[in-house]
Amino acid sequence: MQHFSDILSGLNERQKEAVLTTEGPLLVLAGAGSGKTKVIAHRIAQIIQRGASPKRILAITFTNKAAEEMKIRIAQLLLADGKSGSAASRKSPSPDSMPFVGTFHALGVQILKRHGSRMLIPQNFTILDESDTKQVCKELGEELALDTDTYDTERLRASISRLKNELISAADFARESAQEDERAYEAILSKMYSAYEARLFKTGSLDFDDLLIKTVFLLETQKDVLGYWQKQWDYIHIDEYQDTNKAQYAVSLLLAREHKNIAVVGDIDQAIYSWRGGDTRNISYFERDFPNARVIALEDNYRSTKIILEAAHNVIVHNAQRKNITLRTKNPDGERITIRVLENEKKEAETIVQDIGALQQSGVPFSDIAVLFRTNAQSRAIEEAFVQSAVPYKLVAGVRFYERKEIKDVLSYIRYIANKKDTLALKRIINTPLRGIGAVLAAKYVAQKPLKDNEKARIGQFENMIKDISDVAKTKKIRELLKYVILRAGFKKHHSKTDDGKDRIKNIEELITVADKFEGLTPKESMEKFLEEAALMSEQDLIAQGSEKVHLLTAHAAKGLEFRVVIIAGMEEGLFPHVLSQEEGRTEEERRLFYVALTRAKEKVVITLTTRRMLWGELLFNDPSRFLREIPQHLTTINEYKEALEEESGETIHYS
């Protein structure tokens, strides 16, 4: 283990102060690129170095990817040789020697697995992803005979999610709506919410929101359970606190109420998830709930050039809701921000390709370049240009690995083996790959209706297969179990006959590789952990920096990442800031999102906008984004296209 002074080496004075403040509540206001992850890792390492058991420490991160990186950092600090670059140090450390580091949802899974039976939650509950919940709501809409033109099931599903994030149960909502002059939509929503909860209960399933709301209800109503978890952790750390929602905030308060050794790290200037329930007021509430909290501001930026920071600062100071933090850096001034005004989205994409070519010539690898945009719809024109010019790229907003059809098909077998009440999984696998069980027979079987003799024969073959897989699951770990499912169900044979079969088989084989990390567990544990990871994986968790490809992603997905060069496309009114955000009064959040986009860059920022753009099926004529006017002109350089377009149109294009 490293010496105490080694753990503090490389930290500035404010960072050291945060690392050494271990007792009592602590609020760290960490600006972009100020080393907040480093502070949390060093703080945990020095608490362990002082003699605390790792098992007494809890650290909550925003993504699973951030959690894995945090574990590796902590392990590096605690290794005797302290060599961060060694191959051994890049391996995930043993769970027994590490604190619990994970997301709020992963924490919820752990708590509910242990004590969920108090709320009649089975230990083998299935975690439904977004596509699963959409399917449940679609089925319920049909069963309730809803007029889906008037009552869109996707809107109802989103409303249920918002209610859960506000800690409003189906029973609570039914009571509240019954006491008011009930409008038609609220009545239908109440009916759908109740039916939805009943369906999840019947199938032993929880959705993402349940992992939080049911954890809160459990801790609030079962005092001995709350006491158990309060005693479990003496030190609590929470990252990205500005994006916590009501349920996450409640979990934080409940767990820290006893010992009050809680350190939260956040930056209101980077709060960009109100649409997912994130509440920037939680940082202010922290000082209210913990009046003796120590507040430390990290204002030294180690990422960006002076020009990028000055531009970002001049943008964000227009927000009224923020803490008074001004980032500073010892990095060079750097290049001025390039603003390119272009004719349309095709010209924009072509120019981005040209810029990337020039960057390549100057020695910037593809992996150090990111193209950010406000909406996924913008990626089409850029992707086309990249394909035509053979620019290698990774679209982060593409179909998630675990949501690919062939992957979800295999996963559904494992889900059903783990939870025989999971009728969504059963419906998916009963005739996948095709085995002659039609929709009518499948529906009868799922509904447990009497079958004819010839139907029993077809179903019998399926049941025998499920029994065989279940038997293998008792003795084989997840890697071998996956191999058996793929073989027994006939997936490779099935996909070998399809046009894109090679790619699908390759993806299935990658699933087996993913399972390698669970080899150190028992068969049952390996299956459970594998399913948990698949369900909890987010878009950001799949971003693999270091691959020799340009990253295409939304500004939201770029949170927490950094690149040498950032190209921000589509800086136009109605697009960035988004028109819906303006209508909903969230312009300040849009400004924060632009601030996040700017501060992802280490060395260079290029901003593009067009005078007209085909998007969402219509031709848009947008003005330059208001945010561009907030960047001082001496920090920018504009391209020659602007003058040519002004001459062609006879109008002046004002961007600043």
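Residues numbered from 1 in each chain as written. Predicted model: local features only at pLDDT ≥ 70, side-chain atom pairs only at ≥ 80, totals over all residues. Heavy atoms only, no water.

Caption draft 1: Here's a closer look at the overall build of the chain. Check the secondary structure of the chain and you find 27 helices and 17 strands. Against the globule reference of 26 Å for 656 residues, the chain gives a C-alpha radius of gyration of 26 Å, in line with a compact fold. Expressed as a percentage of the 656 residues in the chain, the buried residues total 56%. Taking the contacts inside the chain whose residues are at least 6 apart along the sequence as the reference set, 78% of them involve residues at least 24 apart. (Helix = DSSP H or I, 4+ residues; strand = E, 2+ residues; numbered from the N terminus. Rg over C-alpha atoms; globule rule 2.2 N^0.38 Å. Buried < 20%, exposed > 50% of the residue type's maximum accessible area, 1.4 Å probe, protein only. Contact = heavy atoms within 4.5 Å.)

Caption draft 2: View of the packing of aromatic side chains. Applying the stated criterion to the full structure yields 17 aromatic pairs. With a centroid separation of 5.1 Å and an interplanar angle of 40 degrees, the aromatic rings of Phe-62 and Tyr-273 are classed as tilted. Placement of the pair is Phe-62 in the loop between strand S2 (57-60) and helix H4 (64-78) and Tyr-273 in the loop between strand S7 (262-266) and helix H13 (281-289), with a sequence separation of 211 residues. A residue is classified by how much of its surface remains accessible, and Tyr-273, at 3% relative accessible area, is buried. Note on Tyr-228 and Trp-229: the rings are 5.0 Å apart at their centroids and 85 degrees apart in plane angle, and the pair reads as edge-to-face. Taken together through their ring pairs, the aromatic side chains of Tyr-241, Tyr-249, Tyr-285, Phe-286 and Phe-290 make up a single cluster. (Phe/Tyr/Trp six-rings, centres within 6.5 Å; stacked < 30°, edge-to-face > 60°.)

Caption draft 3: Highlighting a nonpolar patch on the surface. Together, Met-614, Leu-619 and Phe-621 give the surface a local cluster of nonpolar side chains, amounting to about 320 Å² of exposed area. Its place among the elements puts Met-614 in strand S15 (residues 613-615). On the basis of relative accessibility, which here comes to 40%, the residue Met-614 falls in the partly exposed class. (Patch = residues over 30% accessible without salt bridge, like charges linked within 9 Å, V, L, I, M, F, W, Y side chains within 5 Å. Areas by Shrake-Rupley, 256 points an atom, 1.4 Å probe, with all protein chains shown as cover. Salt bridge = Lys/Arg side-chain N within 4 Å of Asp/Glu carboxyl O.)

Caption draft 4: Spotlight on the domain arrangement of the chain. Along its sequence, the chain is organised into domain 1 (3-111 + 213-301), domain 2 (126-203), domain 3 (307-400 + 544-640) and domain 4 (401-536). Just the C-alpha atoms count here: the centres of domain 1 and domain 2 sit 34 Å apart. The three residues of domain 1 that bury the most area against domain 2 are Ile-213, Phe-217 and Lys-246, which together make up 57% of that side's buried surface. Here domain 1 and domain 2 share 2 salt bridges between them. For Lys-246, the salt bridge is made with Glu-166, and the minimal N-O distance between the two is 4.0 Å. Those elements that place two or more of their residues in the side of domain 1 that touches domain 2 are helix H10 (210-221) and helix H12 (246-256). Per-element accounting of the side of domain 1 that touches domain 2 gives the leading share, 4 residues, to H10. (Domains from an automatic or database assignment. Buried area = accessible area lost by both parts, 1.4 Å probe.)

Caption draft 5: The nonpolar core, seen in detail. Counting residues in each nonpolar core, the largest one holds 88 residues, and the members touching the most others are Leu-107, Leu-255, Ile-568, Phe-594, Leu-598 and Ile-607. Non-local contacts of Leu-255, meaning those with residues more than four positions away in its chain, are made with Leu-58, Leu-107, Leu-219, Trp-229, Gln-230, Trp-233 and Ile-236. Of all hydrophobic cores here, the second largest spans 44 residues; its members include Ala-425, Ile-469, Ala-473 and Met-527. (Core = buried A, V, L, I, M, F, W, Y, C linked by side-chain atoms within 4.5 Å.)

Caption draft 6: Layout of the sheet that holds strand S14 (residues 601-610). Spatial ordering of the open sheet is given by S11-S12-S10-S13-S14-S9-S17, a layout of 7 strands whose pairing is parallel. At either end of the open sheet lies a strand with only one pairing partner, and these are strand S11 (393-395) and strand S17 (636-638). Adjacent strand axes in the sheet meet at a mean angle of 20 degrees, parallel and antiparallel pairs treated alike. In this sheet, S14 lies alongside strand S13 (residues 563-568) in parallel orientation, the contact comprising 5 bridges. Bridge pairing in S14 links Val-566 to Val-605. Here helix H16 (residues 379-388) sits on the sheet and contacts strand S10 (369-373), S11 and strand S12 (550-554); the angle it forms with S11, its principal contact strand, is near 155 degrees. (Pairing = 2+ DSSP bridges. Axes fitted to C-alpha atoms, helices over the stretch in contact; angles between N-to-C directions.)

Caption draft 7: Structural detail: the sheet that holds strand S6 (residues 235-238). Taken in spatial order, the 6 strands line up as S3-S2-S6-S7-S1-S8 in an open sheet, and their pairing is parallel. Every other strand in the sheet has two partners, leaving strand S3 (100-102) and strand S8 (294-298) as the edge strands with one partner each. Neighbouring strand axes in the sheet, compared pairwise and without regard to direction, differ in orientation by 10 degrees on average. Two elements, strand S1 (residues 26-30) and S7, share 4 bridges in a ladder whose sense is parallel. Within the sheet, the bridge partner assigned to Leu-29 lies in S7 and is Gly-266. Packing of helix H3 (residues 36-49) onto the sheet brings it into contact with S1, S2, S6, S7 and S8, and relative to S6 it is tilted by some 170 degrees. Relative to S6, H12 is tilted by about 165 degrees, and along the sheet it contacts S2, S6 and S7.

Caption draft 8: Highlighting the UniProt feature "binding site: ATP" (unreviewed entry) in the chain. The sites that UniProt annotates as "binding site: ATP" (unreviewed entry) are Ala-30, Gly-31, Ala-32, Gly-33, Ser-34, Gly-35, Lys-36 and Thr-37. Mapped onto the elements of the fold, Gly-31 is located in the loop between S1 and H3. Setting aside chain neighbours within four positions, we find Gly-31 in contact with Asp-267, Gln-270, Leu-298 and Leu-327. By secondary structure assignment, the location of Gly-35 is in the loop between S1 and H3. Gly-35 sits in the partly exposed class, given a relative accessible area of 24%. (UniProt positions renumbered as here; feature names shortened; annotations may be inferred.)

Caption draft 9: Looking closely at H13. Three or more residues of H13 are buried, namely Asn-282, Ile-283 and Phe-286. The buried residues of H13 occupy an angular sector of 105 degrees when the element is viewed end-on, so they sit on one face. Residues of H13 that are buried sit in contact with S1, H12 and S7. (Arc of directions from axis to C-beta.)

Caption draft 10: Representation of unusual backbone geometry. For the bond running from Thr-432 to Pro-433, omega is -10 degrees, close enough to zero to count as cis. As for its position among the elements, Pro-433 is in the loop between helix H18 (423-429) and helix H19 (439-446). The step from Phe-576 to Pro-577 runs through a cis peptide bond, and the omega angle for that step is 15 degrees. Relative to the assigned elements, Pro-577 resides in the loop between S13 and helix H25 (579-583).

Caption draft 11: Summary view of the pattern of salt bridges. Taken as a whole, this structure holds 60 salt bridges when the rule is applied. Across the pair Arg-199 and Glu-143 runs a salt bridge whose closest N-O atoms are separated by 2.7 Å. Of this pair, Arg-199 sits in helix H9 (residues 184-202) while Glu-143 is found in helix H6 (residues 130-143), placing the two residues 56 residues apart along the sequence. Look at Arg-199 and you get buried, because its relative accessible area is 18%.

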